[in-house]
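The chain contents come next:
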Amino acid sequence: MGDAEVIPLRGAGGRPRPRPTPRRRGVVGAQPPGEPAGGTGASGTDGGIVDEQGAPGGEVATIPAGPLAPSQPSELEAAVSEVVDFLRRRLAGRYSVDEFGFDPDLNENVILPVLRPLYERWFRVETIGVENVPAHGGALLVANHSGTLPLDALMTVVATHDDLPTPRNLRMLAADLVFGMPGFGAVARKAGHTLACNPDAEKLLGSGELVGVWPEGFKGIGKAYADRYKLQRFGRGGFVSAALRTGVPIIPCSIVGAEEIYPKIGDLGPIARLLGVPYFPITPTWPLLGPLGLVPLPSKWYIEFGEPIRTDEFEPGAADDPMLVFNLTDQVRENIQQTLYRLLSGRRNAFLG
């Protein structure tokens, strides 16, 4: 038949049809020549198959990158930054100290962080009744005392700062022996604590502070393990007189767990008198194990804040009524004792709670 004539394909109107452009997988987002954005490119209906020819002029189209988000500092970097800021404040003298020697900046950044590992991990303290502690204004917290060393008071300081809905600094009333010990007295002052005397207590309460007192004193922390959780005498009720004169509520506080940290099974009286301390304890680990015996046993703790006992309902001069002072003192003591019995009855053992 001879050579066949090639007849070009023609569309409507007799014009040649454009030859289709071959499509292959290529750069996502590139558009074929003459095709508007949003056609059959990356987001079109052809499943992400794009024209490899790219942008006009033979250049490959690129998607501009947005601004990079700033990198967040690591925990270590943040901690180092806080330490540097703290040291700068201390060197520049940009911190305040009240008339009792309380240094809130040092307490917040040094003293409390040192106590928290004991509170959170070693004793695993649980607090109950935090709603009974007022968020503002003066209040007197009265607690039982035990444990051979006064760690219960220090753990209560952490509890009132970390576990209350509104953190508060507990201003402890401590024995004069604490302030006579080299180093300890200065640290106690910096932490906000002062002598257990009525003038200081009334001044703190009148200025709206949360004040803590442990009326059993050394009789409480120095009692034998056989007498654990049996409250000793609460003194002459000086704390009640201070609360009555300032009209602040009294908050009973019961602490379970402290009795087991250093079980006292004996007392070396001659050594205690030689050192000028109330007692020199013997425990299952001290002095047998030397410095290792100073590590407290990891008992499980509970701190319960009881319902406030109001004192603003009494007439002026009520603090000078010895019978009223005695009755209120006995009421607070009985409240704490009954709460201790209740908490102990629900405890499986001293270390698991």
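Residues numbered from 1 in each chain as written. Predicted model: local features only at pLDDT ≥ 70, side-chain atom pairs only at ≥ 80, totals over all residues. Heavy atoms only, no water.

### Quick word on unusual backbone geometry
Comment: phi is negative for the bulk of residues other than glycine, and the bulk of peptide bonds are trans.
So, step 1. Residue Pro-287 follows Trp-286 across a cis peptide bond; omega there is 5°.
So, step 2. Here Pro-287 shows up in the loop between strand 8 (281-282) and strand 9 (302-305).
So, step 3. Phi at Thr-148 is positive, roughly 70°, even though this residue is not glycine.
So, step 4. As for its position among the elements, Thr-148 is in the loop between strand 2 (139-143) and helix 3 (151-162).
So, step 5. Here Tyr-229, not a glycine, exhibits a phi torsion of approximately 65°, which is positive.
So, step 6. With respect to the element layout, Tyr-229 can be found in the loop between helix 7 (218-221) and helix 8 (238-246). (Helix = DSSP H or I, 4+ residues; strand = E, 2+ residues; numbered from the N terminus.)

### Looking at the sheet that holds strand 6 (residues 250-256)
So, step 1. Taken together, the 7 strands give an open sheet; going across it, the order is 1-9-6-2-5-3-4, and neighbouring strands pair in mixed fashion. With one partner strand each, in any of the chains shown, strand 1 (126-128) and strand 4 (194-195) form the two edges of the open sheet.
So, step 2. Bridging between strand 2 and strand 5 (residues 210-213) involves 4 bridges; their strand directions are parallel. For Leu-140, the partnering residue across the bridge sits in strand 5 and is Val-211.
So, step 3. Packing of helix 8 onto the sheet brings it into contact with strand 2, strand 5 and strand 6, and relative to strand 2 it is tilted by some 165°. (Pairing = 2+ DSSP bridges. Contact = heavy atoms within 4.5 Å. Axes fitted to C-alpha atoms, helices over the stretch in contact; angles between N-to-C directions.)

### Focus on a nonpolar patch on the surface
So, step 1. A cluster of nonpolar residues, Trp-122, Leu-288, Leu-289, Leu-292 and Val-295, forms a patch on the protein surface that exposes about 510 Å² of accessible area.
So, step 2. For Leu-288, the position within the fold is in the loop between strand 8 and strand 9.
So, step 3. Residue class for Leu-288 comes out exposed when judged on its relative accessible area of 69%. (Patch = residues over 30% accessible without salt bridge, like charges linked within 9 Å, V, L, I, M, F, W, Y side chains within 5 Å. Areas by Shrake-Rupley, 256 points an atom, 1.4 Å probe, with all protein chains shown as cover. Salt bridge = Lys/Arg side-chain N within 4 Å of Asp/Glu carboxyl O. Buried < 20%, exposed > 50% of the residue type's maximum accessible area, 1.4 Å probe, protein only.)

### Digging into the side chain of Asn-132
So, step 1. Following the sequence through the fold, Asn-132 ends up in the loop between strand 1 and strand 2.
So, step 2. A polar side-chain atom of Asn-132 sits 2.9 Å from the main-chain carbonyl oxygen of Phe-305.
So, step 3. Setting aside anything within four residues of it in sequence, one finds Asn-132 in contact with Ile-251, Phe-305, Gly-306, Glu-307 and Pro-308. (Polar contact = N/O pair within 3.5 Å; in protein donor to acceptor, adjacent residues only side chain to side chain.)

### Section: the environment of Ile-128
So, step 1. With respect to the helices and strands, Ile-128 occurs in strand 1.
So, step 2. Taking the C-alpha atoms as reference, Ile-128 lies 6.2 Å from Ile-303; in sequence the two are 175 residues apart.
So, step 3. Among all residues touching Ile-128, those that are not within four sequence positions of it are Ile-303, Glu-304, Phe-305 and Leu-343.

### A few points about helix 6 (residues 198-206)
So, step 1. Buried within helix 6 we find Asp-200, Ala-201, Leu-204 and Leu-205. Viewed along the axis of helix 6, the buried residues span an arc of 125°, placing them on a single side of the element. Those residues of helix 6 that are exposed and angled more than 90 degrees off the buried face are Pro-199 and Gly-206.
So, step 2. Close packing links the buried residues of helix 6 with strand 2, strand 3 (170-174), strand 4, strand 5 and helix 8.
So, step 3. Gly-208, located one to two residues past helix 6, shows a positive phi value of around 90°. (Arc of directions from axis to C-beta.)

### Let's talk about the nonpolar core
Here is a general trend for soluble globular proteins: nonpolar side chains tend to be buried in one another's company.
So, step 1. Core analysis: the biggest nonpolar cluster contains 32 residues, and Ile-255, Trp-301 and Phe-305 have the highest contact counts within it.
So, step 2. Counting residues per element, the ones that place at least two in this core are helix 2 (104-122), strand 2, helix 3, strand 3, strand 6 and strand 9.
So, step 3. Sort the elements by how many residues they give to this core and helix 3 lands first, with 6 residues.
So, step 4. Excluding its chain neighbours within four sequence positions, the residues that come into contact with Trp-301 are Phe-123, Arg-124, Val-125, Glu-126, Leu-151, Asp-152, Met-155, Ile-255, Val-256, Gly-257, Ala-258 and Ile-261.
So, step 5. Counting residues in each nonpolar core, the second largest holds 31 residues, with Leu-205, Tyr-229, Val-248 and Ile-250 among its members. (Core = buried A, V, L, I, M, F, W, Y, C linked by side-chain atoms within 4.5 Å.)

### Description of the pattern of salt bridges
So, step 1. Tallying each qualifying case throughout the model produces 16 salt bridges.
So, step 2. The shortest N-O distance in the salt bridge between Arg-89 and Asp-105 comes to 2.9 Å. Residue Arg-89 is found in helix 1 (residues 75-92), and its partner Asp-105 is found in helix 2; the two are separated by 16 residues along the sequence.
So, step 3. Judged by relative accessible area, which is 22%, Arg-89 ranks as partly exposed.
So, step 4. Asp-105 sits in the buried class, given a relative accessible area of 15%.
So, step 5. Where Asp-312 meets Arg-310, a salt bridge forms, and the shortest distance between an N and an O atom there is 3.1 Å.
So, step 6. In this structure Arg-310 comes out as partly exposed when scored by relative accessible area, which is 48%.

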